[in-house]
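Chain residues, written in single-letter form:
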Amino acid sequence: MEKKIINRISKSKLVSIDIDEIFKDFEIVTFDLTKYLKNDLVLIEKEFRNEMKNHDWKQYFGKKISINCSNNAIVPDWAFMLVSSYLKTYDIENYIGDEELVKNIVIFKTINDLDLKNFNDRVVVIKGCSKKNIPKYVYSILIEKLQPIVKKIMFGEACSSVPIFKKSMS
């Protein structure tokens, strides 16, 4: 008698979360205020405002912008805010801070904006072995969002996962 091979995983009610699919590639561009300082040290308001007014903001479409000053010059906060305001006028996503901060904000927002209605009362496997360099804190944010709504959370692959959480039946 020949046994038929059945793919039980494909027939199961498991829902997988693939970190690589959640985080699409994005480009971060730094807008460095140092370029607009006289002698890399002093911001002259009238000149700066004129430069910002005439700047080609459209070159940043589709990118995430990090606004910072790469040297130790003391730049007033309003200068960063002015750049952010111009970028916002063109609906360009921007943050005041270095590229690492921008990456972390984008990752946090991506997880926070996930539509989780398909995960209610389901068994969820968070896939391991991401090809992207994803910070470990991503997992704690996922746990925070998923744990209140799912039956069970596992980590790894559907065929060999490690249990992380199971909702109590009481």
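Described below are features of the structure shown in this document. Since we're looking at a predicted model, the values are computed, not measured.

**A short note on the environment of Glu-27**
(1) Moving on: Structurally, the position occupied by Glu-27 is in the loop between helix H2 (19-22) and strand S2 (28-32).
(2) Moving on: Assessed through its relative accessible area of 43%, Glu-27 is described here as partly exposed.
(3) Moving on: Along the sequence, Glu-27 and Tyr-60 sit 33 residues apart, while their C-alpha atoms lie 9.9 Å from each other.
(4) Moving on: Filtering out sequence-adjacent residues up to four positions away, Glu-27 remains in contact with Lys-63 and Lys-64.

**A few points about the environment of Arg-49**
(1) Moving on: Mapped onto the elements of the fold, Arg-49 is located in helix H3 (residues 45-54).
(2) Moving on: A relative accessible area of 38% places Arg-49 in the partly exposed class.
(3) Moving on: For the pair Arg-49 and Tyr-139, spaced 90 residues apart in sequence, the C-alpha to C-alpha distance is 42 Å.
(4) Moving on: Setting aside anything within four residues of it in sequence, one finds Arg-49 in contact with Trp-78, Leu-82 and Tyr-86.

**Quick notes on the pairing of strand S7 (residues 160-166)**
(1) Moving on: Strand direction decides the pairing type here: strand S6 (residues 152-157) and S7, joined by 6 bridges, are antiparallel. Following the sheet pairing, Phe-155 is matched in S7 by Val-162.

**Comments concerning the pattern of salt bridges**
(1) Moving on: In total, this model carries 7 salt bridges according to the counting rule given.
(2) Moving on: Between Lys-64 and Glu-93 there is a salt bridge, with its nearest N and O atoms 2.8 Å apart. Within this pair, whereas Lys-64 is found in strand S3 (residues 64-68), its partner Glu-93 is found in the loop between helix H4 (77-89) and strand S4 (94-96), the two being separated by 29 residues in sequence.
(3) Moving on: Relative accessible area serves as the criterion here: at 24%, Glu-93 is assigned to the partly exposed category.
(4) Moving on: In this structure, the salt-bridge partner of Lys-109 is Glu-93, at a minimum N-O distance of 3.8 Å. Taken together, the residues Lys-109 in helix H5 (residues 99-112) and Glu-93 in the loop between H4 and S4 connect sequence positions 16 residues apart.
(5) Moving on: A residue is classified by how much of its surface remains accessible, and Lys-109, at 36% relative accessible area, is partly exposed.

**Describing the packing of aromatic side chains**
(1) Moving on: If you walk through the whole model with that rule in mind, you get 9 aromatic pairs.
(2) Moving on: Ring geometry for Trp-57 and Tyr-86: centres 5.4 Å apart, planes at 5°, overall stacked. You can see Trp-57 sitting in the loop between H3 and S3 and its partner Tyr-86 sitting in helix H4, a full 29 residues away along the chain.
(3) Moving on: Residue classification places Tyr-86 among the partly exposed residues on the basis of a relative accessible area of 24%.

**Regarding the pairing of S2**
(1) Moving on: Strand direction decides the pairing type here: S2 and S3, joined by 5 bridges, are parallel. Bridged to Asp-32 within S3 is Asn-68.
(2) Moving on: Note that the unit made of S2, H3 and S3 has a crossover that is right-handed.

**Some words on the sheet that holds S3**
(1) Moving on: Across the sheet, 3 strands lie side by side as S2-S3-S4; this open sheet has parallel pairing. Where the open sheet ends on each side, the last strands, each with one partner, are S2 and S4. Looking at each pair of strands side by side, their axes are set apart by 25° on average, direction ignored.
(2) Moving on: Where S3 meets S4, 3 bridges bridge the pair, whose relative direction is parallel. Directly across from Ser-66, in S4, lies its bridge partner Tyr-95.

**Remarks on a nonpolar patch on the surface**
(1) Moving on: Taken together, the side chains of Phe-155, Val-162 and Ile-164 make up a nonpolar region of the molecular surface, amounting to roughly 250 Å² of accessible area.
(2) Moving on: In this fold, Phe-155 is placed in strand S6.

Cut-offs used in this document
- Residues numbered from 1 in each chain as written.
- Predicted model: local features only at pLDDT ≥ 70, side-chain atom pairs only at ≥ 80, totals over all residues.
- Heavy atoms only, no water.
- Helix = DSSP H or I, 4+ residues; strand = E, 2+ residues; numbered from the N terminus.
- Buried < 20%, exposed > 50% of the residue type's maximum accessible area, 1.4 Å probe, protein only.
- Contact = heavy atoms within 4.5 Å.
- Pairing = 2+ DSSP bridges.
- Salt bridge = Lys/Arg side-chain N within 4 Å of Asp/Glu carboxyl O.
- Phe/Tyr/Trp six-rings, centres within 6.5 Å; stacked < 30°, edge-to-face > 60°.
- Right-handed = clockwise from strand over helix to strand, strands pointing away.
- Axes fitted to C-alpha atoms, helices over the stretch in contact; angles between N-to-C directions.
- Patch = residues over 30% accessible without salt bridge, like charges linked within 9 Å, V, L, I, M, F, W, Y side chains within 5 Å.
- Areas by Shrake-Rupley, 256 points an atom, 1.4 Å probe, with all protein chains shown as cover.

Functional significance is not addressed by these values, which are geometric in nature.
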